[in-house]
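Take a look at the letters that make up each chain.
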Protein chains: 2
Amino acid sequence: MSNKVHERSMEVEEEESSKKASPKIQELPKKMKKILNNIWKVGKEDPRRVKHALKVGVSLTLVSLLYLLEPLFKGVGNSAMWAVLTVVVVLEFSAGATLCKGLNRGLGTLIAGSLAFFIEFVVNDSGKIFRAIFIGAAVFIIGAVITYLRFIPYIKKNYDYGMLIFLLTFNLITVSSYRVDTVIKIAHERFYTIAIGVGICLLMSLLVFPIWSGEDLHKSTVAKLQGLSLSIEACVNEYFEEEKDKETSDSEDMIYNGYKTVLDSKSTDEALAMYSSWEPRHTRHCHRFPWQHYVKVGAVLRQFGYSVVALHGCLKTEIQTPRSIRVLFKDPCVRLAGELCKVLSELAASIQNRRLCSPEILSESLQVALQDLNSALKSQPKLFLGSNENGNNISQNGNSGRHNPYVSQHINKDTNDAGSRLAQNAVVSRPGTPRGERTSRLGPNGGVSFSRLKADTLERRSTAVTSGERRILRQQLSKIVVMTSLEFSEALPFAAFASLLVEMVARLDNVIEEVEELGTIACFKEYNTDTDRTDVEVRVEKPADLVVGVE
Amino acid sequence: MSNKVHERSMEVEEEESSKKASPKIQELPKKMKKILNNIWKVGKEDPRRVKHALKVGVSLTLVSLLYLLEPLFKGVGNSAMWAVLTVVVVLEFSAGATLCKGLNRGLGTLIAGSLAFFIEFVVNDSGKIFRAIFIGAAVFIIGAVITYLRFIPYIKKNYDYGMLIFLLTFNLITVSSYRVDTVIKIAHERFYTIAIGVGICLLMSLLVFPIWSGEDLHKSTVAKLQGLSLSIEACVNEYFEEEKDKETSDSEDMIYNGYKTVLDSKSTDEALAMYSSWEPRHTRHCHRFPWQHYVKVGAVLRQFGYSVVALHGCLKTEIQTPRSIRVLFKDPCVRLAGELCKVLSELAASIQNRRLCSPEILSESLQVALQDLNSALKSQPKLFLGSNENGNNISQNGNSGRHNPYVSQHINKDTNDAGSRLAQNAVVSRPGTPRGERTSRLGPNGGVSFSRLKADTLERRSTAVTSGERRILRQQLSKIVVMTSLEFSEALPFAAFASLLVEMVARLDNVIEEVEELGTIACFKEYNTDTDRTDVEVRVEKPADLVVGVE
């Protein structure tokens, strides 16, 4: 998790350095290829982007015809330019966004035009100087007030663009009215050319390959549920995996990608929901798109996601329960996780197929899995005693061959902390490298490659002042004292892991409730026992051998 | 946590219903007062908003003078309107955002103007029909290509507005060139009036009460560190609090508000960082504002924040360690949390005062606190055995008077699950109500108010079909079976709590590292032992009585 953070910040740095580096001529073709690749990827990721680009091109050409074709130009005149401007600004990716912008633009122009006309009416008979002062004052007051109102959250969310257009049109008309006498004509022309522009935009976005934000919101909700399920599955599998150095980076990515979209979904969800609230009904399924309920499901999923992050955190804590102990609880944990994933997959399937969830969504097997975990925990009471001898005792019985590893490992690790951290960073910056390298670099006693790493550290931190160096050393020393004197109960981290799994089962309830409510409000169809049962696939393979109770 | 989600979704619903409800005349003054209150609050929250509104008013008035004053108008002419438009669109809240938009607008106009001029040059001598076709094709191609390019993440992030303006200007000039012969004049006028507009905007935003995004980013980082510290403190205090019904909703809010800003900070941080990357150096402290490092610190803090969410989750799990057991570990946990908060506060103080952090930031007392927690855990080995008798045994010795509460409570709770959930929702929707009400409503046997609540449930779910009702009942039943048959080790949830605290200490390391790196790169001043020591305040009061070992 934290290495992902580093990775991304590395990307930022790379971007920076690539901007600064003088482009060598030999590298130009390579760079061009990379850029073209990027451009290609954008379209491949979501082919609707290509369609949208073509739609914009067509709309612009259509609106240009107003100016290019003689008969049309005679009707509209020079102000056809406003229509062109409108199309450029209003035509957005999704129908909802276009509607939101278009109606905001139309409404803003209409209201501003009326107000400007009113002001013109008031100052019509006054002298020139008075008019100039009055116009200046009106511009100042309206400008300040509208800008202030745009900070109000409700207005910012729904009518920000309308306010901007209001300000624009008002200033345009009021100020021009000082020198031009045909203000009404200006206002009128501006309004109806904008209406033409908005009309073309709506036509294109609602009728030609329409892209619905509501549909995106629906799909992203399904994807989030599936992602969480995959994340939990990969997490549990990795926690109980026997060999560490096999394709861990793959499963790392899987875990991270699974919950990443959920965690960062707030702003995207809210934007999509806002746009879809502007969209007309576009399916037979529902009277009105229940965008608020998708946002609610998203919020509940984020809450659930935080537990998954915490579970992932268990894989990466500094203090780890030895693998030999973990393996005792492998079966019940994997089964419980499997049941959790099954429920999440069923929820995803139910939303995807727009049907209510299975009445047996909280199945017997979930209960059995919970009970099994419970009895497994009870069958190993000594584990939670947390004395050192106990830890050794169990390690000797275990099969991982890592005898009480964290004590010795941590002493080494912390002596070289600055170095190992660096090594970790290095490993992390190359996504393909397996995590095992970190330990192997340290050597059996941790001191083999220490001098080299230390040199790296000094080199890297050369910007820091000497007192900074001293400070870092002092810190490392104080931390060695802290870590070596720790002898926490070895099973404590596992307890946290198990507790989080149980906690997730409890939180699942909130998720089910929200999804059910969504189903009711969105008029999903009834669950059909015969046809819908096959939807749920169980992806976690259950290990056949029961390890619990063997010892 | 989850009730916060409900609360917010309630707000959404309220908003909805307030929109739909027909405004009664008696309620109008009340409503007006509420709206005025909201408007007032926006300015009170951040007085810079008022300043910004006034700045926009002044800029608009200034730019209107171009049109209103005779000598200026003679120089600029009718295209002064472009300057007005530019000011409306470009002048943003912060200096960085204004610079970003202004330069994008200027650059976009310049490049589009050049391209349009080139096309005009190519088709200059052709026939009218060919020209019309050529212009139409150019509009289509450029429109589609630019729209497509705007999807590329790098361009979307930095140059989205520039691309839009490019498209706008290109269409404007190319299309007009069909009927107007003075294209160069149009392009020229458009460019220099836009330059005047941008100039006024930059003048206002850089010189008159400048608002720096970098400054905001700096302050928000400090606030996030402080918020996390407050959150942890409140979490631990509430976990070990003896009476539940005293001002819990206050501490709930405190915990939630503390980490909320951290969790939702991603998009805000990135926007602020993007704007501040456009800002010139504006302080003596630093050669260049290290916006990437603030983003990095933000990412690490979000990771830390997820642990705090998980810790908060421990307060709300369905299965709880009895208070009588928790109290045994109160002192070491509170002390460890206190040390954590101390480190976070010191980091906040160091960033706030732009100085490096104290060299003793990882102090002896953190180590002592960790050791104390360790020995406290070891001194109570029986707790992690997880049998029922054991739980009762300890409850009898304890002082909370809740003897093995979760077993009986859960049976009641789950019988009325639908009802109690409703009651919970009701309680939750009124933030001021103490949480204790929920239990009191259920009555001693949980069945007293059951019929009433059940009726509510039926009423509320009246939209659901009858089979849905049956499904819910069946679910409740299956859940009763699950929950009552659970006899998890009672100390397991506490183990998770303790483990999360220890995990936080480990994660603190990442935070310290990033803040130190930020300090080095941002050229913060050296730590001064005499003057800077007083910055750190320890806010967690340490309880005097040592409970551990008394039993």
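Everything numeric here is computed off the predicted structure, so don't read it as measured data.

Draft legend 1. Molecular detail of the overall build of chain A. A count of helical and extended segments in chain A gives 23 helices and zero strands. Expressed as a percentage of the 551 residues in chain A, the buried residues total 54%. Accessible surface computed for chain A: about 24400 Å², of which carbon and sulfur atoms make up 60%.

Draft legend 2. Structural view of the domain arrangement of chain A. Residue and element names in this part refer to chain A. Assigned domains within chain A: domain 1 (50-207), domain 2 (213-384 + 492-546) and domain 3 (398-417 + 433-485). Contacts between domain 1 and domain 2 engage twelve residues on the former and six residues on the latter. Summing both partners gives a buried area of about 780 Å² for domain 1 against domain 2, and 74% of it is carried by carbon and sulfur. On the domain 1 side of the contact with domain 2, Gly96, Cys100 and Lys157 bury the most area, a combined 41% of that side's loss. At the boundary of domain 1 with domain 2, the tally comes to zero salt bridges. Linking domain 1 with domain 2 are two residue pairs in polar contact (both at pLDDT 80 or more). At the level of elements, α6 (95-122) and α8 (153-176) are the ones that each hand at least two residues to the side of domain 1 that touches domain 2. Sorting elements by how many residues they give to the side of domain 1 that touches domain 2 places α6 first, with seven residues. For the side of domain 1 that touches domain 2, a count of residues per class yields seven nonpolar, four polar and one charged.

Draft legend 3. Main features of the pattern of salt bridges. Applying the stated criterion across every chain, the model contains 28 salt bridges over all chains. The shortest N-O distance in the salt bridge between B:Lys266 and A:Asp264 comes to 4.0 Å. With B:Lys266 in helix α13 (residues 265-278) and A:Asp264 in the loop between α11 (248-263) and α12 (265-278), this residue pair bridges two chains. Its relative accessible area of 27% is what places A:Asp264 among the partly exposed residues.

Draft legend 4. Structural context of unusual backbone geometry. The residue A:Phe209 is not glycine, and still its phi comes out positive at about 40°. By secondary structure assignment, the location of A:Phe209 is in the loop between α9 (183-207) and α10 (213-239). With a phi close to 50°, B:Arg354 is a non-glycine residue in the positive phi region. Structurally, B:Arg354 can be placed in the loop between α16 (330-352) and α17 (364-379). Residue classification places B:Arg354 among the buried positions, given a relative accessible area of 15%.

Draft legend 5. Geometry of the nonpolar core. In terms of nonpolar packing, the biggest core is built from 144 residues, with A:Phe304, A:Phe497, B:Phe304 and B:Phe497 touching the most fellow members. Not counting residues up to four positions away in its chain, the partners in contact with A:Phe497 are A:Val236, A:Tyr239, A:Phe240, A:Leu311, A:Cys314 and A:Leu315. A:Tyr178, B:Val42, B:Ala80 and B:Ile152 belong to the second largest nonpolar core, which has 103 residues in total.

Draft legend 6. Layout of the UniProt feature "transmembrane region" (unreviewed entry) in chain A. Residues and elements named next belong to chain A. As recorded in UniProt, the feature "transmembrane region" (unreviewed entry) lies at residues 81-100, 107-123, 129-149, 161-179 and 191-212. Each end of residues 107-123 is marked by a C-alpha atom, and these two atoms are 25 Å apart; helix forms 94% of the span and strand 0%. Helix makes up 84% of residues 161-179 and strand 0%. Its end C-alpha atoms lie 28 Å apart.

Draft legend 7. Local environment of the side chain of B:Asp269. All names here are of chain B. When you line up the elements, Asp269 lands in helix α13. Asp269 sits in the buried class, given a relative accessible area of 4%. Filtering out sequence-adjacent residues up to four positions away, Asp269 remains in contact with Leu217, Ser220, Lys224, Val295, Gly298 and Arg302.

Draft legend 8. Fine view of a nonpolar patch on the surface. Residues and elements named next belong to chain A. Among the surface-exposed residues, Leu107, Leu110, Ile111 and Phe191 lie close enough to one another that they form a single nonpolar patch of about 350 Å² accessible area. At three residues, α6 tops the list of elements feeding residues into the nonpolar patch. Relative to the helices and strands, Phe191 is located in helix α9.

Draft legend 9. Representation of the packing of aromatic side chains in the model. Residue and element names in this part refer to chain B. Under the criterion given, the structure shown has 22 aromatic pairs over all chains. Pairing Tyr239 with Phe494 gives two aromatic rings, centres 6.4 Å apart and planes at 25°, and the pair type is stacked. Of this pair, Tyr239 sits in helix α11 (residues 213-239) while Phe494 sits in helix α24 (residues 492-521), and the two are 255 residues apart along the sequence. In this structure Tyr239 comes out as buried when scored by relative accessible area, which is 1%.

Here is what the cut-offs are and how they apply
Residues numbered from 1 in each chain as written. Chains lettered and ligands numbered in written order. Predicted model: local features only at pLDDT ≥ 70, side-chain atom pairs only at ≥ 80, totals over all residues. Heavy atoms only, no water. Helix = DSSP H or I, 4+ residues; strand = E, 2+ residues; numbered from the N terminus. Buried < 20%, exposed > 50% of the residue type's maximum accessible area, 1.4 Å probe, protein only. Areas by Shrake-Rupley, 256 points an atom, 1.4 Å probe, with all protein chains shown as cover. Domains from an automatic or database assignment. Contact = heavy atoms within 4.5 Å. Buried area = accessible area lost by both parts, 1.4 Å probe. Salt bridge = Lys/Arg side-chain N within 4 Å of Asp/Glu carboxyl O. Polar contact = N/O pair within 3.5 Å; in protein donor to acceptor, adjacent residues only side chain to side chain. Nonpolar A, V, L, I, M, F, W, Y, C, P; charged D, E, K, R; others polar. Core = buried A, V, L, I, M, F, W, Y, C linked by side-chain atoms within 4.5 Å. UniProt positions renumbered as here; feature names shortened; annotations may be inferred. Patch = residues over 30% accessible without salt bridge, like charges linked within 9 Å, V, L, I, M, F, W, Y side chains within 5 Å. Phe/Tyr/Trp six-rings, centres within 6.5 Å; stacked < 30°, edge-to-face > 60°.

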